[in-house]
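Observations on the three-dimensional arrangement
What follows is each chain in one-letter form.
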Amino acid sequence: KGAGGGASPAAAPQMQVKVTQVLEDPDFVAMANRFEEVMDKGEYAQWCESKVEEAASEKEKQVWRLMKVLCFESNAREQLLSHLGFDADVIAQEAEAFARPAAEEAKNDAPDAASLAAGLLGAAPSSEAEKMIRRALMVGNFQAAVSCCLEAGMMAEALLLASCGGSALWSSTQAQFFERETPRRPFLHTLAAVIKNDLADLVERADLAHWEETLAVLSTYGKTDEFFKLCARLGERLEVEANDRSSATLCFMCAVDIRKTVGHWVQELKDANARLGRTDTLALQDFVEKVVVFRQADNDPNLELGPECAEIFASYAQLLASQGKIQAAAKFTQGSDMAIRVLRDRLYHAGAGRMGMPLPECPWETVRVGTGAAGGSAPAPAATKPAAAPHATRQKQPQQAAAAAATPPGVGGLFASADTQVLDAVVAATRKHSPELLEGPGADELLAEARWCISQRRR
């Protein structure tokens, strides 16, 4: 089987070769083909919709719905509210239906002005607090009137009076109201955060069991420059304090924190592989789809997603190539990692070059074998028999010494500092592109000497 997934059984008598494409994982190939078509057409929004329909769990549906909202909706913040279950139109209708009976009852039993005044300030002369409030109002001392209301537990009256006494009195009365009332009416904590424009405090105090409500408040009231940071902070709390990785991932998605989001998806892929005991190719395909689509939310095409993600994409490209999808595999070899660079080179020479892939930069350093320091050909050494692999000794064999003497200046030093893997790669490239350089007398002895030098350096 070759690098492109082809098998070549040969019929000896006629010397004919028939190349057959072998698909080891047809389900994986079918999914890869579908997504490749989506990538070519750029139809990512439609792909998100189809993934929502196909998703086997509500968790996966949430991810793909949110992906569509964040990446492809012009009014993403408004759409996020609907995604979280807070549709503004529906809530307005529900509130109107709830308030209608109370409004009709109040209309039928409407009090007159005197009754309203009595209800506000009180008319019972037996109440010392109300007497003091009235006296304070007579002289315009709103500070004293508010203090009496607070002492008597008349919070609504205190707020009304404070609104007439200036911004300082209003602010201090408001703070005391929230301090007293929030413990028994928790929704006031949200109101306080909105009024004070302190959403960071809301995130820190939020009940993580109702994180969707907190995220909805951030979407409605958060300023653009703070929204993403607050979403990320909420995700961190869910991850660390509640150990809720799925919900944390959704918050990181809202923060457009691609690295953290992808990091969670990497862990999900690892878990899927562990459950199967080998690479779960369908989970791998799903991971690649999520990363490729979510990257549409970021304008940086050169964003590095870390070595783990690069390694996964390299594995995906190798898997595509093994199924004969050379051209598709080449699309997933972005990055500067050595493994990716080597894979790009392999794919190009395996056929991607004929399909339009540009010639990649050679991942290895070019070494001219058999040339002198001035660029001319070195004298050919005397023909000798191929030397055996050197033993673990510092004493060189006579044949090796002769080969070393004929080595061009600088080559021995290069070999002495090279890595075995690099040496093998150089030899392979040389055999492919310039085989005559390794066919001359002494070539085998020279390679044996190089490997001996490496073994001694490693001791």
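Preceding this section is the structure that the text describes.
Presented here is a report on the structure given in the accompanying data block. Bear in mind the structure is a predicted one, so any value in this text is a computation, not a measurement.

Broken down by element type, the chain carries 24 helices and 4 strands. Here the chain holds 459 residues, and 36% of them are scored as buried. Restricting the contact set of the chain to residue pairs at least 6 apart, pairs at least 24 apart contribute 54%. Looking at the chain as shown, the accessible area adds up to about 26,600 Å², and 53% of this sits on carbon and sulfur atoms.

Another point: helix α7 (residues 128-138). Within an α-helix, residues lying three or four positions from one another point in the same direction, as the helix has 3.6 residues per turn. Looking only at α7, the buried set comprises E130, I133 and A136. The buried side chains of α7 occupy one side of the element, clustering within an arc of 125° when seen end-on. Among the exposed residues of α7, those oriented more than 90 degrees off its buried face are E128, R135 and M138. Phi turns positive one or two residues past the end of α7, at G140, with a value near 75°.

What follows concerns the nonpolar core. Counting 74 residues, the largest nonpolar core has M67, M253, V262, W265 and F287 as the members making the most contacts within it. Within the second largest apolar cluster, 17 residues are counted, among which are A136, A145, V146 and L150.

According to the stated counting rule, one finds 23 salt bridges in the structure shown. In this structure, R65 engages E58 in a salt bridge whose closest nitrogen and oxygen atoms are separated by 3.3 Å. In this structure, the salt-bridge partner of R185 is E181, at a minimum N-O distance of 2.7 Å. Classification of E181 as buried rests on a relative accessible area of 7%. Beyond isolated ion pairs, a larger network of salt bridges with shared partners links K51, K59, E60, E268, D286, E289 and K290.

Think of a pair of aromatic rings as described by two things: how far the centres are apart, and how the planes are tilted against each other in angle. Summed over all chains, the structure comprises 8 aromatic pairs. With centroids separated by 5.5 Å and ring planes inclined at 70°, the aromatic side chains of F227 and F228 adopt a geometry described as edge-to-face. On the basis of relative accessible area, F227 is assigned to the buried category, the value being 5%. With a centroid separation of 6.1 Å and 40° between ring planes, the pair formed by F313 and F332 is classed as tilted. Placement of the pair is F313 in helix α18 (residues 307-322) and F332 in the loop between α19 (326-330) and α20 (338-350), with a sequence separation of 19 residues. Pairwise contacts between aromatic rings join F28, F287, F313, Y316 and F332 into one cluster.

Further remarks concern helix α13 (residues 211-221). Listing the buried residues of α13 in full gives W211, T214, L215, A216, V217, L218 and S219. Looking at the buried residues of α13, the elements they touch are α4 (76-83), α11 (187-196), α12 (199-205), α14 (224-240) and α15 (245-254).

Turning next to the packing of helix α1 (residues 26-41) against helix α2 (residues 44-54). One can describe the packing of α1 onto α2 by two numbers: an axis separation of 9 Å at closest approach and a directional angle of 150°. Viewed along their axes, α1 and α2 adopt a mutual orientation that is roughly antiparallel. The segment α1 lies against α2, with R34, F35, V38 and M39 engaging Y44, W47, S50 and E54. Tallied by class, residues from the contact of α1 with α2 come to 5 nonpolar, 1 polar and 2 charged.

This model, assessed by the stated rule, comprises 0 disulfides. Left unpaired, C48 is separated from the closest cysteine sulfur, that of C71, by 6.6 Å. The exposure class of C48 is buried, given its relative accessible area of 0%.

It is at 10 Å that the axes of helix α16 (residues 258-276) and α18 come closest, and there the two elements cross at 55°. Between α16 and α18, the angle falls in the class oblique. Of the two elements, α16 crosses α18, and the hand of that crossing is left-handed. From α16, V262, V266, L269 and K270 reach across to α18, where they touch E308, C309 and I312. Tallied by class, residues from the contact of α16 with α18 come to 5 nonpolar, no polar and 2 charged.

Moving on to the environment of N141. By secondary structure assignment, the location of N141 is in the loop between α7 and α8 (142-151). Exposure remark for N141: the relative accessible area of 36% places this residue in the partly exposed category. Note: C-alpha distance between N141 and L161 (20 residues apart in sequence) is 10.0 Å.

The subject of this paragraph is the environment of A255. With respect to the helices, strands and loops of the structure, A255 is situated in the loop between α15 and α16. Accessibility expressed as a relative area gives 10% for A255, which makes it buried. Separated by 27 residues in sequence, A255 and F228 place their C-alpha atoms 4.2 Å apart. The contacts of A255, once residues within four sequence positions are left out, are F228, C231 and A232.

Each value, and the rule that gives it
- Residues numbered from 1 in each chain as written.
- Predicted model: local features only at pLDDT ≥ 70, side-chain atom pairs only at ≥ 80, totals over all residues.
- Heavy atoms only, no water.
- Helix = DSSP H or I, 4+ residues; strand = E, 2+ residues; numbered from the N terminus.
- Buried < 20%, exposed > 50% of the residue type's maximum accessible area, 1.4 Å probe, protein only.
- Contact = heavy atoms within 4.5 Å.
- Areas by Shrake-Rupley, 256 points an atom, 1.4 Å probe, with all protein chains shown as cover.
- Arc of directions from axis to C-beta.
- Core = buried A, V, L, I, M, F, W, Y, C linked by side-chain atoms within 4.5 Å.
- Salt bridge = Lys/Arg side-chain N within 4 Å of Asp/Glu carboxyl O.
- Phe/Tyr/Trp six-rings, centres within 6.5 Å; stacked < 30°, edge-to-face > 60°.
- Axes fitted to C-alpha atoms, helices over the stretch in contact; angles between N-to-C directions.
- Parallel < 35°, antiparallel > 145°, perpendicular 65-115°, else oblique.
- Nonpolar A, V, L, I, M, F, W, Y, C, P; charged D, E, K, R; others polar.
- Disulfide = S-S within 2.5 Å.
- Left-handed = near helix turned anticlockwise from the far one by under 90°.

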